[in-house]
Amino acid sequence: MELIYRSTRNNNETAKASEAILKGLAGEGGLFVPDFIPELDKSFEELSKMTYQEIAYEVMKLMFTDFTEEELKYCINSAYDEKFDTPVIAPLAYHNGAFFLELFHGKTIAFKDMALSILPYLMTVSAKKNNIKNEIVILTATSGDTGKAALAGFADVPGTRIAVFYPKNGVSPIQEKQMVTEKGKNTFVAGITGNFDDAQTGVKNMFKDEALNAYLNGKGFQLSSANSINIGRLVPQMVYYIYSYAQLLKDGKISAGDKINIVVPTGNFGNILAAYYASLMGLPVNKFICASNDNKVLYDFFTTGTYDRNREFILTTSPSMDILISSNLERLIYKIADCDSDKLSSLMNDLSQKGKYEITPSMKEKLDMFRGGFATEAEVADEIGKIYKEDGYVIDTHTAVAAAVYDKYKAESGDDTVTVIASTASPYKFTRSVMAAIDPESKDMDDFELADKLSMLSGVRIPNAVEEIRNAEIIHKTVCDKEDMEQTVKSFLGC
Ligand SMILES: *Cc1c(COP(=O)(O)O)cnc(C)c1O
């Protein structure tokens, strides 16, 4: 049976999976959601004998029903290969009373690789299925992390090109170096004289510009987006939660049917939503624990039922979670609003006009499986130090937000359910903050010296992602004015 996707803002707008992947966003700012989530047709006993790639197929065949078996297996096997530094792709490590699900073994050592490794293949197959002959041009504005993960994912994928814009003076030296040394022949990176919002606005304007899109179409190009609301990013994230359960079962840590808790350090709400979708597919879950840093909009929402973005934006040591509008939450709200797109649209209008909305008590009741928690900067640093001292295990700042929130939850609730914590980045991605927590003396070292010291202390080899940029050649030197982004894209495309 074909699974249909529908816009959260307009129930009459539908798409097949391949169409939703190509479009990214639905009309009127809506997000595509599946009409329902099919149940797994394999038991967890069967899944526990499968590889990551095989489980990925079992999940994706149910969600992407207009893809053939051959197409899906091509996408999966192209994505989850030696780019990952471990054949198990997403290992579990037990420390401090919980299982850390390490999602940082891909090319850019952060969890966004889990989805951005496969999205380019899903997109090119979708283009072929829909008879699109144009080359797909991905446009991305980045505040640091997404840019490199998207570049790495799309690099040298036939039928695609990618252009990334970042604020010239608004990313860390390591983040900038990761991007400007990207070798893929179809990649283009430019710093802009402006901030992240300027980059984002410039990209959005290009997507909306009909004249530009018609012009590019005439030259054989079509713009597309790789951002985290694309279902081509969401569905691949369901896989590792199901995989983690299968591994726990295989290792005798749980019995089939036992419920687990899942703790997720959350920003845009994509990762935790994927865990929720996995539960609708049959993953037994007790509680979803949504962990925030000082930007605790989501904690307040789950506690009070009011989502309110009118507050100060706080820069923290977990920058990928410094977000006040969690876009993917819209999909959960749609579900608890009984999939009523009018009701949902009116809440989202409140959000854009007043900066806040309030859900009804009966909607809030449906969120019983969710708990919000938050960790302060001091708690994050303490957590990194504590786990390192107790166990010699080093976690990154984002993962530490989740670990600290879990410690507090466990102490308050007494809940001793087996728990999986999504570990979303390698400590080597945020070396400076991590080292400040475990070895304050090292603060005067440069970023690579810090990495060397971290390797010595943790006994974990420096990942390739860091090692390869140490002496890498700078390839992308373009800096453009924020007004000239369109011209810059045209000259990159040679048209
Ligand atoms: C993007 C990111 C997050 C937040 O994930 P969402 O899906 O946006 O909630 C957490 N940690 C790291 C390291 C990230 O890069």
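Residues numbered from 1 in each chain as written. Predicted model: local features only at pLDDT ≥ 70, side-chain atom pairs only at ≥ 80, totals over all residues. Heavy atoms only, no water.

Help me understand the sheet that holds strand β7 (residues 160-167) in this model?
Remark on secondary structure: sheet strands pair via backbone hydrogen bonds, oriented parallel or antiparallel. The five strands lie next to each other as β9-β6-β7-β8-β16, forming an open sheet whose pairing is parallel. Both edges of this open sheet fall to β9 (221-224) and β16 (478-481), since each of them pairs with a single strand only. Direction aside, neighbouring strands of the sheet carry axes that sit 30° apart on average. Sitting on the sheet, helix α22 (residues 485-493) is in contact with β6 (135-141), β7, β8 (187-193), β9 and β16, with an inclination near 145° to β7. (Pairing = 2+ DSSP bridges. Helix = DSSP H or I, 4+ residues; strand = E, 2+ residues; numbered from the N terminus. Axes fitted to C-alpha atoms, helices over the stretch in contact; angles between N-to-C directions. Contact = heavy atoms within 4.5 Å.)

Help me understand unusual backbone geometry, please; the structure alone is not making it clear to me.
Keep in mind that most residues, glycine aside, have a negative phi and that most peptide bonds are trans. Here isoleucine 109, not a glycine, exhibits a phi torsion of approximately 55°, which is positive. Phi is positive for phenylalanine 269, which is not a glycine, with a value near 70°. With respect to the element layout, phenylalanine 269 can be found in the loop between β10 (260-265) and α12 (270-280). Judged by its relative accessible area of 1%, phenylalanine 269 is buried. (Buried < 20%, exposed > 50% of the residue type's maximum accessible area, 1.4 Å probe, protein only.)

What should I look at first to understand the layout of surface pockets in this one?
Rolled over the atoms, a probe sized like a water molecule indicates the empty space that remains. What the second largest pocket holds in volume is close to 460 Å³. Along its surface, the second largest pocket is lined by 25 residues, and Lys107, Thr108, Asn464, Ala465 and Glu468 are the ones closest to its centre. Broken down by secondary-structure element, the contributors of at least two residues to the lining of the second largest pocket are α7 (145-154) and α21 (464-467). Among the residues making up the lining of the second largest pocket, the classes are represented as nine nonpolar, six polar and 10 charged. (1 Å grid on protein atoms, 1.4 Å probe; cavity = no way out; pocket = protein on both sides within 12 Å on 5 of 7 lines; lining within 4 Å. Points joined across faces, edges and corners; volume = space filled by probe spheres on them. Nonpolar A, V, L, I, M, F, W, Y, C, P; charged D, E, K, R; others polar.)

Whenever I open this one, the site of the ligand confuses me. Can you help?
The full set close to the ligand counts 14 residues, and Lys112, Gly267, Asn268, Asn271 and Thr424 are the nearest of them. Contacts to the ligand include glycine 270, whose backbone N or O atom sits 3.2 Å from an oxygen atom. Threonine 424 places a side-chain nitrogen or oxygen 2.9 Å from a nitrogen atom of the ligand. In the complex, the protein chains occlude 96% of the 390 Å² of accessible area that the ligand would expose alone. Classifying every residue of the shell around the ligand gives five nonpolar, eight polar and one charged. (Near = heavy atom within 4 Å. Polar contact = N/O pair within 3.5 Å; in protein donor to acceptor, adjacent residues only side chain to side chain. Areas by Shrake-Rupley, 256 points an atom, 1.4 Å probe, with all protein chains shown as cover.)

Looking at this structure, how should I read the sheet that holds strand β2 (residues 10-15)?
Taken together, three strands build an open sheet; the order of strands is β2-β1-β3 and the sheet is antiparallel. Each of the sheet's edge strands pairs with one partner strand only, and the pair in question is β2 and β3 (32-34). Averaged over all pairs of adjacent strands, the angle between strand axes in this sheet comes to 40°, irrespective of strand direction. Where strand β1 (residues 5-7) and β2 come together, three bridges link them in antiparallel fashion. Note on β2: the bridge partner recorded for arginine 6 is threonine 14.

Whenever I open this one, the packing of α7 against helix α8 (residues 173-180) confuses me. Can you help?
Packed helices, taken two at a time, are described by their axes: the angle between them and the distance between them. Packing of α7 against α8 leaves a shortest axis separation of 9 Å and a crossing angle of 20°. It follows from the interaxial angle that α7 and α8 lie roughly parallel. Classified by chirality, the crossing of α8 by α7 is left-handed. Contacts between α7 and α8 involve Asp145, Gly147, Lys148 and Leu151 from the first element and Gln175, Gln178 and Met179 from the second. When the residues that make up the contact of α7 with α8 are grouped by side-chain class, the tally is two nonpolar, three polar and two charged. (Parallel < 35°, antiparallel > 145°, perpendicular 65-115°, else oblique. Left-handed = near helix turned anticlockwise from the far one by under 90°.)

Even after reading the chapter, I still don't get the pattern of salt bridges, so can you show me in this structure?
Pairing between side chains becomes possible if they bear opposite charge and their charged atoms approach one another. All told, the structure shown has 25 salt bridges when counted by the stated rule. Two residues, aspartate 300 and lysine 296, come together in a salt bridge whose shortest N-O distance is 3.3 Å. In this structure, a network of salt bridges that share partners links the residues Asp41, Lys42, Glu58 and Lys61. (Salt bridge = Lys/Arg side-chain N within 4 Å of Asp/Glu carboxyl O.)

Looking at this structure, how should I read the packing of helix α17 (residues 377-391) against helix α19 (residues 431-438)?
Contact geometry for α17 and α19: axes closest at 8 Å, N-to-C directions at 65°. Compared by their axis directions, α17 and α19 come out roughly perpendicular. For the element pair α17 and α19, the recorded crossing hand is right-handed. Every residue of α19 that contacts α17 at Ala381, Ile384, Gly385 and Tyr388 is listed here: Val434, Ala437 and Ile438.

Would you explain the packing of aromatic side chains in this entry?
Remark: the centre distance and the inter-plane angle together describe each pair of aromatic rings, the angle taken between the planes. Taken as a whole, this structure holds 22 aromatic pairs when the rule is applied. With 5.3 Å between their ring centres and 65° between their planes, tyrosine 52 and tyrosine 80 make a pair best called edge-to-face. Placement of tyrosine 52 in helix α3 (residues 52-63) and of tyrosine 80 in the loop between α4 (69-79) and β4 (92-95) is noted, with a sequence separation of 28 residues between them. Relative to tyrosine 243, the ring of tyrosine 52 lies with its centre 4.9 Å away and its plane at 70°, an arrangement referred to as edge-to-face. Taken together, the positions of tyrosine 52 in helix α3 and tyrosine 243 in helix α11 (residues 231-250) put the pair 191 residues apart, joining distant regions of the chain. The burial state of tyrosine 52 is the same as that of tyrosine 243; both residues are buried. Its guanidinium or amino end placed over the ring of phenylalanine 67, lysine 129 lies 5.5 Å from that ring's centre, counting from NZ or CZ. (Phe/Tyr/Trp six-rings, centres within 6.5 Å; stacked < 30°, edge-to-face > 60°. Lys NZ or Arg CZ within 6 Å of the ring centre and 35° of its normal.)

Mind showing me how you'd approach the state of the cysteines here?
Simply put, disulfide is the name for a covalent bond between the sulfur atoms of two cysteines. Under the definition given, this model contains zero disulfides. Free of any disulfide, cysteine 495 has its nearest neighbouring cysteine sulfur in cysteine 480, separated by 15 Å. Its relative accessible area of 22% is what places cysteine 495 among the partly exposed residues. (Disulfide = S-S within 2.5 Å.)

Explanation requested: the pairing of β10 in the structure shown.
Regular strands show a simple pattern: their side chains alternate between the two faces of the sheet. Of all six residues in β10, six are buried; the element is thus mostly enclosed. With burial as the criterion, each face of β10 is covered, one bearing Ile260, Ile262 and Val264 and the other bearing Asn261, Val263 and Pro265. The pairing of β10 with strand β11 (residues 285-292) spans five bridges and is parallel. Looking at the pairing, isoleucine 260 lines up with valine 285 of β11. In the classification by handedness, the crossover that spans β10, the intervening α12 and the parallel β11 is right-handed. Looking at chain direction, β10 and strand β15 (residues 419-423) are connected through three bridges and run parallel. Residue pairing across strands places asparagine 261 opposite threonine 419, the latter belonging to β15. (Right-handed = clockwise from strand over helix to strand, strands pointing away.)

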